[in-house]
Amino acid sequence: MPPEASLPLAREGLFARLPTAWRGPLARLATAWLALVLLTGRDWLAMADKWWNVSTYNHVLFVPLIIGWLAWNRRRELAELTPRAWWPGLMLVAGSLFLWLLGTLAGLNSASQLGAVLALPSAVIALLGPRVAVGLVFPLAYMLFLVPFGDELVPTLQMVTADIVIWLTHASGIPAVIEGVFIDTPVGLFEVAEACSGVRFLVAMLALGVLIAQTCFRSWARRTAFLAFALALPILANGVRAWGTIYIAQSQGIAFAEGFDHIVYGWVFFAFVVAVLLAVSWRWFDREPDEPAIDPEVLRRSPFLGRLERASLGASTALGAIVAMALGFALWATLAARVEAQIPPAIALPEVAGWQQLAYAPEVAWQPRASGAAHRLIGRYRNAAGDEIDVFYALYPAQDDRRDASAYGEGALVPDTPWRWLEPGRTSPEAAGDVLLAYGRLVRVAETSYRKGDLTTGSAARLKLATMRDRLLLRRGPTATLILSVEGRPAAEGAQVIDRFTAAIGERGAWMDRVAGLR
């Protein structure tokens, strides 16, 4: 055989293995996925970076393989169905891309990445139709685990772990005092840090638990009970692990306990928890390993799916619509990204009646992070009673993924500094509070406010929504962050100092506008 003839025949053999009815639809689906990935490529690269480099999301590297395996297990049953393009699926594609656009414009990576992922199963529904989509419903839904999530749970998990630890510590006869996420024992002070919250094991267990619940159980009651156990187990086990570190430290010393914790606290620990989960649950499995995942005959004869399938349209028309939507949303995102507010070349903290500006000299260095801000100001004020307050102000011409005032790691608590999060502070409609601790002794109370147009809020979610609205409408407007902080006072006293300062400056939003030169 001539060499030049071998490659075409190889391709023909591979293509010939596909059922005739599936060849065109799969080719169009591949084209649509390519267009959608090109549009949302930055989000896919950001997700892949997290999968590879952030330990919380290393398990996601297996998710594409699991999705492929789930689809492959259904290949024979799916081959008995005839794919048909379905115009309501185009609405799902549009909704997914709109979510991607909202997240992109607001700098909300979780939303843009969720939209990027949802666009792919939405294209499957649009190009292959409802019968095939129902046959693939679990693999398509499992694609949600491609989106990195869980950071939002860290503070709550820290507090839950601390509560478990202090209960076990007292139960084991060790005298201890808890303050927020810090536990003081006879041999030293322990912190339930972010890395000890157990979030990486919880999100990995969720992905594994959903997979096992689907593939090993038929009863929804058993699936629900198994998932509840699968989520509770790593939380409880993490609390026991953290308590074990404290318990060992009482007799062996902190250095030995830390070394023990570093050995135990890893994927070995996760493997042990999984082993316990399966050892307890396997006897309740009620699905045979070789049982077909779907019944194509039921899908073919379903009158409900038959009625849905009447909303079919030309396959080429559906593909063209998806490509056109990708181009349209790309243009919209490009235009919105160019919208920036005009801000003054210089700003300064103003005089405040009854308060005098001092040189900023904190006992422990504290400099809030405001990545991408055009202006940053920090200063200290003192009143006649001797109260002192630190004021941090940042002004942004726009908000995006490089200039996100409310992103993780931005604001009062900066990673890799002596300051640690102790507990939530007070919260009001205009500000959100945090209590920080440095070196186990120095308290700092901080209250953060955001200003966007006429909105003054301490809620990151409300700031994101306001940013989405303005950028969708191509409206220009700056964003400001104000952090009022008191060092060296208990939380309640610090909050009182903040109240006295805000009474002097008046309404926070109006004062923030004056600093920005908007009034």
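Residues numbered from 1 in each chain as written. Predicted model: local features only at pLDDT ≥ 70, side-chain atom pairs only at ≥ 80, totals over all residues. Heavy atoms only, no water.

> Which residues make up the packing of helix H2 (residues 20–39) against helix H17 (residues 315–337), and what values do they have?
At a minimum axis distance of 10 Å, the contact between H2 and H17 shows a crossing angle of 5°. With respect to H17, the element H2 is oriented roughly parallel. For the pair H2 and H17, contact is made by Arg 28, Thr 31, Ala 32, Ala 35, Leu 36 and Leu 39 and by Ala 315, Ser 316, Leu 319, Ile 322, Val 323, Ala 326, Phe 329 and Ala 330, respectively. Residues of the contact of H2 with H17, tallied by class, amount to 11 nonpolar, 2 polar and 1 charged. (Axes fitted to C-alpha atoms, helices over the stretch in contact; angles between N-to-C directions. Helix = DSSP H or I, 4+ residues; strand = E, 2+ residues; numbered from the N terminus. Parallel < 35°, antiparallel > 145°, perpendicular 65-115°, else oblique. Contact = heavy atoms within 4.5 Å. Nonpolar A, V, L, I, M, F, W, Y, C, P; charged D, E, K, R; others polar.)

> With reference to specific residues and values, describe the pattern of salt bridges.
Pairing of side chains with opposite charge becomes possible as their charged atoms draw close. What the rule picks out here adds up to 27 salt bridges. A salt bridge links Arg 441 to Glu 363; its shortest N-O distance comes to 3.0 Å. Of this pair, Arg 441 sits in the loop between strand E8 (431–438) and strand E9 (442–452) while Glu 363 sits in the loop between strand E4 (355–358) and strand E5 (375–383); the two residues are 78 residues apart in sequence, bridging distant segments of the chain. In terms of burial, Arg 441 and Glu 363 fall into one category: exposed. For Arg 500, the salt bridge goes to Asp 387, with nearest N and O atoms at 2.9 Å. Pair noted here: Arg 500 is in helix H19 (residues 491–505) and Asp 387 is in the loop between E5 and strand E6 (388–396), with a separation of 113 residues, a long-range link. Classification of Arg 500 as partly exposed rests on a relative accessible area of 38%. Asp 387 sits in the buried class, given a relative accessible area of 5%. (Salt bridge = Lys/Arg side-chain N within 4 Å of Asp/Glu carboxyl O. Buried < 20%, exposed > 50% of the residue type's maximum accessible area, 1.4 Å probe, protein only.)

> For unusual backbone geometry, give the residues involved together with the corresponding values.
You will see that Asp 416, though not glycine, has its phi angle at about 60°, which is positive. One can find Asp 416 in the loop between E6 and strand E7 (419–428). The phi dihedral of Tyr 439 falls on the positive side, at around 55°, and the residue is not glycine. Judged by its relative accessible area of 58%, Tyr 439 falls in the exposed class.

> Lay out the environment of Glu 191 with the relevant residues and their values.
Examined against the element boundaries, Glu 191 turns out to sit in strand E3 (residues 188–191). In this structure, the C-alpha to C-alpha distance between Glu 191 and Gly 103, residues 88 residues apart in sequence, is 34 Å. Discounting residues that sit within four places of it in the chain, Glu 191 has contacts with Val 181, Phe 182 and Arg 420. Only 3.5 Å separates the side chain of Glu 191 from the side chain of Arg 420, close enough to count as a polar contact. (Polar contact = N/O pair within 3.5 Å; in protein donor to acceptor, adjacent residues only side chain to side chain.)

> Provide a residue-level description of the confidence of the model for the protein chain, including the pertinent values.
Predicted coordinates in areas of low pLDDT are best not read in detail. When pLDDT is averaged along the protein chain, the result is 91; 94% of the residues meet or exceed 70. When mean pLDDT is taken per element in the protein chain, strand E11 (residues 479–487) scores highest with 98 and helix H1 (residues 3–16) scores lowest with 49. Taken together, the stretch residues 1–11 has pLDDT below 50 and engages in 2 contacts with residues farther than four places along the chain or on a different chain. (pLDDT = per-residue confidence, 0-100.)

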